[in-house]
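Summary of the model geometry
So you can see what is in the structure, the chains are spelled out below.
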Amino acid sequence: MQMPEPDQAVIGRRRELIQALQRIVAGEGVIYDEAALKAFECDGLTAYRQPPMIAVLPETTEEVSAVLRLCHEEGVKVVPRGAGTSLSGGALPLADGVLLGMGKFNRVLEIDYENRCAVVQPGVTNLGITHAVQDEGFYYAPDPSSQIACTIGGNVAENSGGVHCLKYGLTTNNILGLECVLITGEVIRIGGKHLDSEGYDMMGLLTGSEGLLGVVTEVTVRILKKPETARALLVGFQDLEKAGDCVAKVIAAGVIPAGMEMMDRPAIHAAEAFCQAGYPMDVEALLIVELDGPAAEVDHLIDVVRGISESCGAVSVRVSESEEERLSFWAGRKAAFPAVGRISPDYYCMDGTIPRHKLPHVLTRISELSEHYGLRVANVFHAGDGNLHPLILYDANQPNELERAEDFGSDILKLCVEVGGVLTGEHGVGVEKRDLMGEMFSKADLDQQQRVKCAFDPDGLLNPGKVFPTLHRCAELGRMHISRGQMPFPDLPRF
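We now turn to the structure provided with this report.

Calculation rules
The residue numbers shown here count from 1 along each chain, following its written sequence. Totals for whole chains, interfaces and linings use all residues, but because this is a predicted model, local features are given only for residues with pLDDT of at least 70 and pairs of side-chain atoms are given and counted only at 80 or more. Hydrogens and water are ignored here; the side-chain numbers use all heavy atoms of the structure. Runs of E in the DSSP output that reach at least two residues are strands. Runs of H or I that reach at least four are helices, and both are numbered from the N terminus. With the radius of gyration taken over C-alpha atoms, the globule rule is written as 2.2 Å times the number of residues to the power 0.38. Only protein chains enter the accessibility calculation, which uses a 1.4 Å probe. A residue is then buried if its area is under 20% of the maximum for its type, exposed if over 50%, and partly exposed in between. Contact between two residues is taken to exist if any of their heavy atoms lie within 4.5 Å; hydrogens are not considered. Residue exposure ignores everything except the shown protein chains as possible cover, and the areas themselves are Shrake-Rupley values with a 1.4 Å probe. For this count, His and the chain ends are skipped, Lys and Arg are scored as positive, and Asp and Glu as negative. Taken as the charge centre is NZ of Lys, CZ of Arg, CG of Asp or CD of Glu, depending on the residue. Axis definition: a line fitted to C-alpha atoms, limited for helices to the stretch in contact. Angles are taken between N-to-C directions and run from 0 to 180 degrees. To sort the angles, those under 35 degrees are grouped as roughly parallel, those over 145 as roughly antiparallel, those from 65 to 115 as roughly perpendicular, and the leftovers as oblique. Crossing chirality is assigned from the near helix's rotation relative to the far helix, an anticlockwise turn below a right angle marking it left-handed and a clockwise turn marking it right-handed. A pairing counts as a salt bridge when a side-chain nitrogen of Lys or Arg comes within 4 Å of a carboxyl oxygen of Asp or Glu. An expected span of 1.5 Å times one less than the residue number is assigned to each helix. Relevant arc is that of directions from the helix axis to the C-beta atoms, nothing else. Pairing between two strands is assigned when DSSP locates at least 2 bridges connecting them. Throughout this description, the term nonpolar core refers to a set of buried Ala, Val, Leu, Ile, Met, Phe, Trp, Tyr and Cys residues connected via side-chain atoms within 4.5 Å.

Moving on: the overall build of the protein chain. The number of helices and strands found in the protein chain is 17 helices and 19 strands. Here the protein chain has a C-alpha radius of gyration of 23 Å; the compact-globule value for 495 residues is 23 Å, and the two agree. By its C-alpha atoms, the protein chain is 70 × 60 × 50 Å across when sized along the principal axes. A buried classification covers 55% of the 495 residues belonging to the protein chain. Considering only intrachain contacts with a sequence separation of at least 6, the fraction spanning at least 24 residues in the protein chain is 72%. Only carbon and sulfur atoms are counted for the fraction: they give 51% of the accessible area of the protein chain, which is about 21500 Å². Side chains of the protein chain give 44 positive and 69 negative charges; the mean places of these two sets differ by 2 Å.

The next point concerns the packing of helix α1 (residues 8–24) against helix α3 (residues 61–74). The geometry of α1 relative to α3 is characterised by a closest axis approach of 10 Å and an angle of 155° between their N-to-C directions. With respect to each other, α1 and α3 are oriented roughly antiparallel. α3 is crossed by α1, and the crossing has right-handed handedness. Together, Arg-13, Leu-17, Ala-20, Leu-21 and Ile-24 of α1 and Glu-63, Ala-66, Val-67, Leu-70 and Glu-74 of α3 make up the contact between the two elements.

Take the pattern of salt bridges next. All chains considered together, the criterion is met by 24 salt bridges. The salt bridge involving Asp-292 is made with Lys-167; its shortest N-O contact spans 2.6 Å. Within this pair, whereas Asp-292 is found in strand β14 (residues 285–293), its partner Lys-167 is found in helix α6 (residues 165–168), the two being separated by 125 residues in sequence. Accessibility expressed as a relative area gives 5% for Asp-292, which makes it buried. Residue Lys-167 is classed as partly exposed on the basis of its relative accessible area of 33%. Taken together, the shared-partner salt bridges in this structure form one network comprising Lys-38, Glu-41 and Arg-49.

Take helix α10 (residues 295–311) next. For an α-helix, the turn length of 3.6 residues means that residues three or four places apart are oriented alike. Taking 1.5 Å per residue, 17 residues should reach 24 Å; α10 reaches 25 Å between its end C-alpha atoms and fits that length. Within α10, burial applies to Val-298, Leu-301, Ile-302, Val-305, Ile-308 and Ser-309. For α10, the angular spread of buried residues about the axis comes to 135°, placing them on one side. Facing away from the buried side of α10, by more than 90 degrees, are the exposed residues Ala-296, Asp-303 and Ser-311. In this fold, the buried residues of α10 make contact with β12 (229–237), α8 (240–252), β14 and β15 (316–319).

Residues other than glycine predominantly adopt negative phi, and peptide bonds predominantly adopt the trans conformation. Even without glycine at this site, Asn-159 takes up a positive phi of about 50°. By the secondary structure assignment, Asn-159 is in the loop between α5 (152–158) and α6. Positive phi is not limited to glycine here, since Asn-463 has a value of about 50°. In this structure, Asn-463 sits in the loop between α16 (443–456) and α17 (474–477).

Turning next to the pairing of strand β5 (residues 108–112). Direction of pairing for β5 relative to strand β6 (residues 117–120): antiparallel, over a ladder of four bridges. The residue of β6 that forms the bridge with Val-108 is Val-120.

For α16, with 14 residues, the first-to-last C-alpha span of 20 Å sits near the 20 Å given by 1.5 Å per residue. Of the residues making up α16, those classed as buried are Leu-446, Asp-447, Gln-450, Lys-453, Cys-454 and Phe-456. An end-on view of α16 places all buried positions within 165° of arc, on one side of the element. Seen from the open side of α16, the exposed residues pointing more than 90 degrees away from its buried face are Ala-444 and Ala-455. Contacts from the buried residues of α16 go to α7 (202–206), α15 (437–440) and α17.

What tends to happen in soluble globular proteins is that the nonpolar side chains get buried as a cluster. Counting residues in each nonpolar core, the largest one holds 62 residues, and the members touching the most others are Phe-237, Met-262, Leu-359, Ile-392 and Phe-408. Examining the composition of this core, we find that eight residues originate from one element, helix α14 (residues 401–418), more than from any other. Sequence-distant contacts of Leu-359, that is, excluding residues within four places in its chain, are made with Gly-244, Val-247, Met-262, Ile-354, Phe-381, Ala-383 and Leu-388. With 25 residues, the next largest nonpolar core counts Val-64, Val-98, Ile-183 and Leu-461 among its residues.

Here it is, written out as structure tokens:
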């Protein structure tokens, strides 16, 4: 079959856009070669791939401002991208859009120990912030499993969490200020080194907005003093429900661990084979419970957690006796995602959050769904705050396995909402959960959220096709009565 000839007008417009961008970003900062663009065709949700029309790699806020102003004037769509570790397709490019890569914004600009904060560019990695301040006994608390690679700008976009967010909060609880560029090219500053800001909580609005409202070019983060003592317990159970019950009882007892994670048998075995963390191999569920603070308090809480664990039927309890041993406990959990990649050609990483007391019920239903769809699942949870990460194992080379994995994942997320939870804990909505938003929000809810989008980006140029299941015109959203015949977004380009 003969392919249609490219539209010469489109080719000419693309050429003009490339030249205009090259006047803003010099050298190799504008990428338009077809082969080179392949590097940007997907993020961590690799089931969907689409090379961008053009990729631009600015180095300064002024360049970001000029690029966005140009795209606004020309009506060109823009997709911001950090390290590309998003697991919800949040950085999936558009064939007719510019991909704005923020990887060159990788400097720590200031460290202010007196005010316990640091000013960093969005391309600084999550772990890089801790590395910059650890010699003075400080650290940055939120710690996603991808912290070695994911960037603080992406953390802000997705409101990322991590194993220590139970006690220390998500990204939104650990940032003090933002510099952000709007689609018009206007640069705004919100917050700063001070603890609180007057007026509306614009920083809270931008955190977790998934690149739909603006592009972050600077972040002021809160840094914390390292606790005097940190120790972890490794608790094994022969029953997933008993492990889930233990989680609920620890929190109900008034104990707030620094981190509380759970893995099931497939995840345990994969992690142990990957990094030899010393996990017990004869259990169905494993809890990692970390306690920090003054040594006397930690010793007391270890005894409390041990007692609760044993009352819930724990078959093994091991307490770290050194910092090296504590880190080895976490090594397997941090490596769980890549470890599962060794036992399956592909996996689909889900992200939903439920009330903690519903954990035993949800675990049982996930097991039943696994049998229904004929697909294995390895469960890794931020158990303390109810954030689930079931890893659905499949082979994209087998007919219909990807579709079954997606249906399986959809049912898990619907289950989360059904029991009183939410569609996402930290990965964001992106394109992965976009069409499930109606399970959680009414049309009135979604329309109101889109009015906020329209206030920042009336032409819908920033990261379009993400989060919202239908495409609205901002003028229509401004009316009292809104037409219900909106056009859904097209199907996504699958790999």
